[in-house]
Structure formats: C-alpha cells, structure tokens
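An overview of the molecular structure
Residue strings, one per chain:
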Amino acid sequence: MCLLTYYPAGAAIDTRALRFGADANPDGHGFAIVTSGRIITGHGMNADTVIASFARTRAEHPDGPALFHSRYATRGAIELSNCHPFRLGGDRRTVLAHNGTLPKRVHPRAYDRRSDTRIAAEDYLPTQPFGPIDTAAGARGLAGWLGSSKLVILTVDPAYAHTAYVFGERAGQWVGGIWYSNRSYLPPELRWPARRRTVCGYCLDRDLERTSRYCRDCGWCFGCQSALSYCTCLPTPNRPAPPAGPAST
C-alpha cells in the first residue's frame, strides 16, 4: 500500500510518524522539498538514513511544501530506482509520489523492473492524457484514472498554477497540519482499534463478512498488524529484509 505524507508550506515533520510508516512499508523511501525555485529530493533503502536526511533538509528549508514516501512494493523490483518521488517526464522541476494501485495501462511488462508509478511518471502522465491538471476537466480526468489511490505532485514549473497538488485527499487523514495517505503512520496498536474489528487499520477497507486473519484488499494481518509478507504470525519470514543504502540529495 505504501505511505505517502504531504507537508504544506511551513509544516514541521513528525519523525516518529515517519518511522512507524517506514516500518510498515520497508521497500524504499524518498522525499521532496520545494525551495527557492527548485526541488530538493532524496532517496534510499535505509529508512533511518533517509528520514534523518529529510529532517535536516526540511529544517533548512521549511517554507515550501514537501512530501515523504515509504514504499511497500507490489509491482517492480525492490531497488533504489523505484523509490518515490519520481520526476515527471524527467523534468527536475516536477516530481510525484503515489499510494495505491494504478490501472493496468502502466503495469510493468515482462522484464521491466520499473514500478507502476515510475512507468506512469516516465511514460504516461507526461503526455497529459487528461489535459492540464489546472483545468477542471484535467483534474477530474486524473482523479478518475487514479480511482481510490492517492497522488501528490510538487512543482516549480511556472506552467502550473500551484506548487503542490494532492489527489485523493479525502481518502487520507489530516493530523496536526500534516496529510497522511493511510493509518500506517500510527503505532501498530493504534492502527486497528479494537472497537472497529471489521475495518482494516491499514487501508481502511470495511469487510462486514471478514472470516480471515488478513484484509481481503491489502493483505494486512489483523493479528500482528503487519503486511502479509512481513506477518510475524507465520512460522518463518517469507520475505528478505530490504538492503541498506545511503540517501541521495
């Protein structure tokens, strides 16, 4: 599912929330910060390294919008090149990060190691298939194509009317002036309150007929409150730990 976090201009970061999100989504991390007509980005496979780099850089540049992304891989290789955010069409002035599942049009084909979001950023969305997002038709078209997923775009390109765009905002949560795409920023014990046993604490899917330990939509384990591939209820882990790597800025 991933965790996508958006910070409006001036919003301070909550590193504790980022670490909870990184634990639940361990397949690579990245950030972007708008400042002085440019976008500073960082990517890495090691959560602590990337979060520390983001915290330092955000403290130096607090006045623009920013985003942070922790990935839970569903398509594409688990590697640095698939860490969000991605440049839109290779343009340094515009980046995007995504949470959710994109349509089949951008799913990787055989031998393509890219994630669906990377393919969308590199090949599909630069063509503006729905028209400019500053128009009502363009924004509506992109939102419809995204469906239930969420997308944050940051840009310093003067062709855009704004420096930040959040699609799927209502499906996320605003907490303390920060927007989170789902509840994985919370401590595990708070993601799935006991009184809401039919609601997944990760993707918020409601399943009144739930008969399994796992969420039918995202695979979240209601027992140990972890993603299926990292479920500690299983006898042995069935997925290797992500490799460590330095952040890049």
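Analysis parameters
Residues numbered from 1 in each chain as written. Predicted model: local features only at pLDDT ≥ 70, side-chain atom pairs only at ≥ 80, totals over all residues. Heavy atoms only, no water. Phe/Tyr/Trp six-rings, centres within 6.5 Å; stacked < 30°, edge-to-face > 60°. Helix = DSSP H or I, 4+ residues; strand = E, 2+ residues; numbered from the N terminus. Buried < 20%, exposed > 50% of the residue type's maximum accessible area, 1.4 Å probe, protein only. Pairing = 2+ DSSP bridges. Axes fitted to C-alpha atoms, helices over the stretch in contact; angles between N-to-C directions. Contact = heavy atoms within 4.5 Å. Salt bridge = Lys/Arg side-chain N within 4 Å of Asp/Glu carboxyl O. 1 Å grid on protein atoms, 1.4 Å probe; cavity = no way out; pocket = protein on both sides within 12 Å on 5 of 7 lines; lining within 4 Å. Points joined across faces, edges and corners; volume = space filled by probe spheres on them. Nonpolar A, V, L, I, M, F, W, Y, C, P; charged D, E, K, R; others polar.

Where an unreviewed UniProt entry is consulted, the chain appears under the name Class II glutamine amidotransferase, with the organism given as Nocardia aobensis.

Below, the discussion takes up the packing of aromatic side chains. Applying the stated rule across the entire model yields 9 aromatic pairs. Centroid distance Phe 31 to Phe 54: 5.1 Å. Interplanar angle 35°. Geometry classified as tilted. Taken as a pair, Phe 31 in strand 2 (residues 29-35) and Phe 54 in helix 2 (residues 47-60) lie far apart in primary sequence, 23 residues in all. Judged by its relative accessible area of 0%, Phe 31 falls in the buried class. Geometrically, the ring pair formed by Phe 130 and Trp 145 is tilted, given 5.9 Å between the ring centres and 45° between the ring planes.

What follows concerns unusual backbone geometry. The amide bond that connects His 84 to the next residue, Pro 85, takes the cis arrangement and shows omega of 0°. The topology assignment puts Pro 85 in the loop between strand 4 (66-70) and strand 5 (86-88). Located in the positive-phi region is Gln 128, a residue other than glycine, with phi close to 50°. Among the structural elements, Gln 128 can be located in the loop between helix 3 (116-124) and helix 4 (136-146). For Gln 128, a relative accessible area of 41% gives the class partly exposed.

An order of 5-6-7-8 is seen for the 4 strands of this open sheet, with the pairing classed as antiparallel. Of all the strands in the sheet, the pair left with one neighbour each is strand 5 and strand 8 (164-167). Shown here is a sheet whose adjacent strand axes are inclined to one another by a mean of 25°, direction ignored. For strand 5 and strand 6 (residues 91-99), the ladder comprises 3 bridges, and the chain directions are antiparallel. Along strand 6, the bridge assignment pairs Phe 86 with Leu 96. Against the sheet, helix 4 contacts strand 6, strand 7 (150-155) and strand 8, and its axis sits at roughly 45° relative to strand 8.

What follows is about the pattern of salt bridges. Per the stated rule, a full pass over the model turns up 8 salt bridges. Here Asp 157 ties to Arg 93 by a salt bridge, and the two come within 3.5 Å at their closest N and O atoms. Here Arg 93 lies in strand 6 and Asp 157 lies in the loop between strand 7 and strand 8, a separation of 64 residues in the sequence. Residues Arg 114 and Glu 122 are paired through a salt bridge, measuring 2.8 Å at the closest nitrogen-oxygen approach. Owing to a relative accessible area of 18%, Arg 114 belongs among the buried residues under this scheme. By sharing partners, the salt bridges in this structure join Asp 112, Arg 114, Arg 118, Glu 122 and Asp 123 into a single network.

Right, let's get into the layout of surface pockets. If you add up the space inside the second largest pocket, you get close to 320 Å³. Around the second largest pocket, the lining comprises 14 residues; the ones closest to its centre are Ile 39, Ile 40, Thr 41, Arg 87 and Arg 92. For the lining of the second largest pocket, the secondary-structure elements that each account for two or more residues are strand 3 (38-44), strand 5 and strand 6. Residue composition of the lining of the second largest pocket, by class: 6 nonpolar, 4 polar and 4 charged.

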